[in-house]
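Letter by letter, the chains look like this.
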Amino acid sequence: MAAAEGCEEMSGNGELVESSAMEAPEVPAPPLPEMTEENGSAAVVPEAPVGPDPASFSMQPAAVDEEGELPADFERLWKAAHDNPQDFTSWTDLLQYCEQEGHVTSSRRALEAFLVRYPLCYGYWKKFADLERRVGLNDKAEEVCIQGLQAIPLSVDLWIHYINLLLGTLDMNLPESPKRIRSVFEDAVAAAGLDFHSDRLWDLYVEWEKEQGNMKNATAVLDRVLRVPTQLYNTHYDKFKEHLNNHEPKEVLSPEEYEELRELCRQSQKAERAEQSQEEEKERPPGEEEPATPEGTDTEELMQKIREQVLLRRDKVYQDNEGEVRKRWHFEDAVSLSFCDSLLLQGDYTDPNQAITEESEVMAPPQEPSEDTIAAQDDHRVRILFERCLIACALYEEFWSRYIQYLEAQSVDEARAVYKRACEIHLAYKPNIHMHWATFEERHGDLTEARRVLEALEKKLPGLAVVRIRRAALERRAGQLDQSEALLREGVAESKEKPTLHAFYSIKLARLLLKLGRDPSSARGVLQEALEISPDNDKLHMNLLELEVSGDPWASASAVQECVTRALAAPLEPHTKILFSQRGLQFAEDYSNSIQSVLSVYEEHQKLLKELGGTKREAENGDEDPEKLSKTDDGSAVSAQVPPTMPHVPITTPPPPVMGADMSAQTGYGGYSSWYQQPQYGSYGYQNTWNYNQGYYPPS
């Protein structure tokens, strides 16, 4: 299953065609979350990174070229990438060429443009930072890392790269340097510490604290990671034991815990000694005194007892965490977080939706916090899992939609921010989710933003019929009928080179004018103008006929017959002409005030049947087989050439639908829904407009 983001483009006939490409929007910068009690030092549950305004993220402008002319093939590869910015291969060819040439300015320029379009490619953020560091721009390298972490805060590799950059560039002799490193470590474990593969980050944090001589801080970090379900959870417990055994308890435990355990162990030791003394006193010779033990002395035996108590407490935490790992293991074992390094997802993969559901159901913190704390921690875990899922599945609308659905129940602003990330970065050429976004904004009362979303989508994908219809419907619901009419008229004017699409817009406009504008004259004019362009479009003929039929039957009799005459003279299919003639006959039978006029229309209908080779007599007996009617009850044949003594009174089909009625519910020939359903006219998908896969471009 391809993960490369498809760009729905338009073919020459106005239909959508899929291309294996990706988007080219601005990149948002999701804020780094705060620390949780579970994986950070503060007991504040953070907001999941949902991304701020994309305008807040921007690459620094390219430096002035100080290396002379650009490499020979740079402009060619640059043009190829920008002519088709959704082609990932063109970008990688450009980046590889710049790297081979070793040209700093061209490499910087290519990386800046590339990362705006592909912010989840953490490997290229690392390359960019290394490029700036090689030329001595350490501050710029740091800025690149920060921007990358804003785009993909769950990247353990990028956090480690950033920390190593700081360790290699900061002067650790300055008092503020260790504080800054520790602060970055805290940001890192807050943002990515819950990742199942975050073990390297935690290990780096612990080792750094040890190198600084802060054994108590190292113990605190190990205590925190013991509560996090990670892939190498058992190695963290082993390292905790090693850390405890290699140092005195007083050096690694907090003062409060050490004093508590020391007092507990001393009381236990005193009780044991008292019991032992009683036994020894019985065996001691008379006059011999008990050897004195110095008060306040911490013996090695006491230290070992303290270690045992420490491990006894941690063992409960470890067992609980192991249970959490088991619940997740079969999901995590199948999850792939690759994005740019492997743009094609494998066909068999675990459904992240199932993993997210499981995550929300199985979480139970090892301690006994309040229900609010549990709910907050569970929410944070679910958000983190959604974000992890989107790293590999950023090109799939279903995962964004489910994430938004989860967030909307808690915060409309957070859901809006995720819509912004999805539509302006990763799914810039997927109209379905854009229209969902517009509906979301309209549902929450922000019509201005809904209009902006649809207008931006139409500019990006011009000519997409469903977007224009959505815009017109939005204005109609807002009470702006003039604006709705203007949008449809604009669609009619712009689609004259595509007759079928032109007919579609014309019918939409005519229905608006007739039903809401109460202006049958203008509606008639729209349909008549469309017929001049598409005289062979039976839908236009039928809608014009229904418009006339829906009017005053006394005043519209001539107009109805004129519609029928026009349809019979048009290059339509024979069976279609028969239907139009039958409609004219039906109208005459229902509303004519003269039997002569009815018989006149009937005779014309019979002539048409003979001319077109018809063998059925629908006007007389509906859809019955004429062969059955040509036989008597005893089965003997009756000559079909013998005319009846008297003209047979026509029995027509059920009354036709009128344009003033709900034509979408009709199933006959004139049913409006058939416009979208009959394959020869393409599928506009109007009956299921949310299903983008059905397509919205009628062929021309």
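Given the structure is predicted, the values throughout are model-derived calculations rather than measurements. (Residues numbered from 1 in each chain as written. Predicted model: local features only at pLDDT ≥ 70, side-chain atom pairs only at ≥ 80, totals over all residues. Heavy atoms only, no water.)

A. Focus on the overall build of the chain. Helix and strand content of the chain: 30 helices and two strands. Across the 700 residues in the chain, those meeting the buried criterion constitute 48%. At a minimum sequence separation of 6, the contacts of the chain that also span at least 24 residues come to 64%. Of the roughly 34,100 Å² of accessible surface on the chain, 49% is carried by carbon and sulfur atoms. (Helix = DSSP H or I, 4+ residues; strand = E, 2+ residues; numbered from the N terminus. Buried < 20%, exposed > 50% of the residue type's maximum accessible area, 1.4 Å probe, protein only. Contact = heavy atoms within 4.5 Å. Areas by Shrake-Rupley, 256 points an atom, 1.4 Å probe, with all protein chains shown as cover.)

B. The packing of helix H3 (residues 104-117) against helix H4 (residues 122-134), seen in detail. For the pair H3 and H4, the least separation of the axes is 10 Å and the interaxial angle reads 150°. It follows from the interaxial angle that H3 and H4 lie roughly antiparallel. The element H3 and its partner H4 pack so that their crossing is left-handed. Contacts between H3 and H4 pair Val104, Ser107, Arg108, Leu111, Glu112, Phe114 and Leu115 from the former with Tyr124, Trp125, Phe128, Leu131 and Glu132 from the latter. In the contact of H3 with H4, the residues fall into eight nonpolar, one polar and three charged. (Axes fitted to C-alpha atoms, helices over the stretch in contact; angles between N-to-C directions. Parallel < 35°, antiparallel > 145°, perpendicular 65-115°, else oblique. Left-handed = near helix turned anticlockwise from the far one by under 90°. Nonpolar A, V, L, I, M, F, W, Y, C, P; charged D, E, K, R; others polar.)

C. Expanded view of the pattern of salt bridges. Applying the stated rule across the entire model yields 45 salt bridges. Across the salt bridge formed by arginine 314 and aspartate 223, the nearest N and O atoms sit 2.7 Å from each other. Taken as a pair, arginine 314 in helix H13 (residues 300-332) and aspartate 223 in helix H9 (residues 215-225) lie far apart in primary sequence, 91 residues in all. For arginine 314, a relative accessible area of 8% translates into the label buried. (Salt bridge = Lys/Arg side-chain N within 4 Å of Asp/Glu carboxyl O.)

D. How the structure looks around the state of the cysteines. Enumeration over the complete set of coordinates arrives at zero disulfides. There is no disulfide at cysteine 393, and the cysteine sulfur nearest it, in cysteine 389, is 4.3 Å away. (Disulfide = S-S within 2.5 Å.)

E. Helix H25 (residues 557-569), seen in detail. With 13 residues, H25 should reach 18 Å at 1.5 Å per residue; the first-to-last C-alpha distance of 19 Å fits that figure. Looking only at H25, the buried set comprises Ala559, Val560, Cys563, Val564 and Ala567. Buried residues of H25, seen end-on, are gathered within an arc of 140° and therefore sit on one face of the element. With respect to the buried face of H25, the exposed residues turned more than 90 degrees away are Ser558, Thr565 and Ala569. Contact partners of the buried residues in H25: helix H24 (538-549) and helix H26 (574-591). (Expected span 1.5 Å × (residues − 1). Arc of directions from axis to C-beta.)

F. Local environment of the packing of helix H17 (residues 412-426) against helix H18 (residues 431-443). Contact geometry of H17 with H18 gives a least axis separation of 10 Å together with a crossing angle of 155°. With respect to their mutual orientation, H17 and H18 come out roughly antiparallel. Viewed along their axes, H17 and H18 form a crossing whose handedness is left-handed. Facing Val412, Ala415, Arg416, Tyr419, Lys420, Ala422, Cys423 and Glu424 of H17, the residues of H18 in contact are Ile433, His434, His436, Trp437, Phe440 and Glu441. Within the contact of H17 with H18, the residues separate by chemical class into eight nonpolar, two polar and four charged.

G. Geometry of the nonpolar core. Ranked by size, the top nonpolar core spans 114 residues in total, and within it Leu94, Phe114, Trp159, Leu201, Ile306 and Trp400 carry the most contacts. Setting aside chain neighbours within four positions, we find leucine 94 in contact with Phe74, Leu77, Trp78, Ala81 and Ala110. Of all hydrophobic cores here, the second largest spans 35 residues; its members include Leu512, Leu513, Leu544 and Val560. (Core = buried A, V, L, I, M, F, W, Y, C linked by side-chain atoms within 4.5 Å.)

H. The side chain of arginine 388, seen in detail. By the secondary structure assignment, arginine 388 is in helix H15 (residues 371-393). Of the polar contacts made by the side chain of arginine 388, one reaches the side chain of glutamate 332; its length is 2.7 Å. (Polar contact = N/O pair within 3.5 Å; in protein donor to acceptor, adjacent residues only side chain to side chain.)

I. Structural view of the confidence of the model for the chain. Of the residues in the chain, 68% reach a pLDDT of 70 or more, and the chain-wide mean stands at 76. Note on residues 337-371: pLDDT is under 50 here. Beyond four places in sequence and across chains, it has 69 contacts. (pLDDT = per-residue confidence, 0-100.)

J. How the structure looks around the packing of aromatic side chains. Here the structure, examined in full by the defined rule, presents 19 aromatic pairs. Here tyrosine 396 and phenylalanine 399 contribute two aromatic rings whose centre-to-centre distance is 6.2 Å and whose plane-to-plane angle is 80°, an arrangement assigned as edge-to-face. Note on tyrosine 396: relative accessible area 13%, which makes it buried. For phenylalanine 399, a relative accessible area of 2% gives the class buried. Among the aromatic side chains, those forming a connected cluster through ring pairs are Phe74, Trp78, Phe88, Trp91, Phe114, Tyr118 and Tyr124. (Phe/Tyr/Trp six-rings, centres within 6.5 Å; stacked < 30°, edge-to-face > 60°.)

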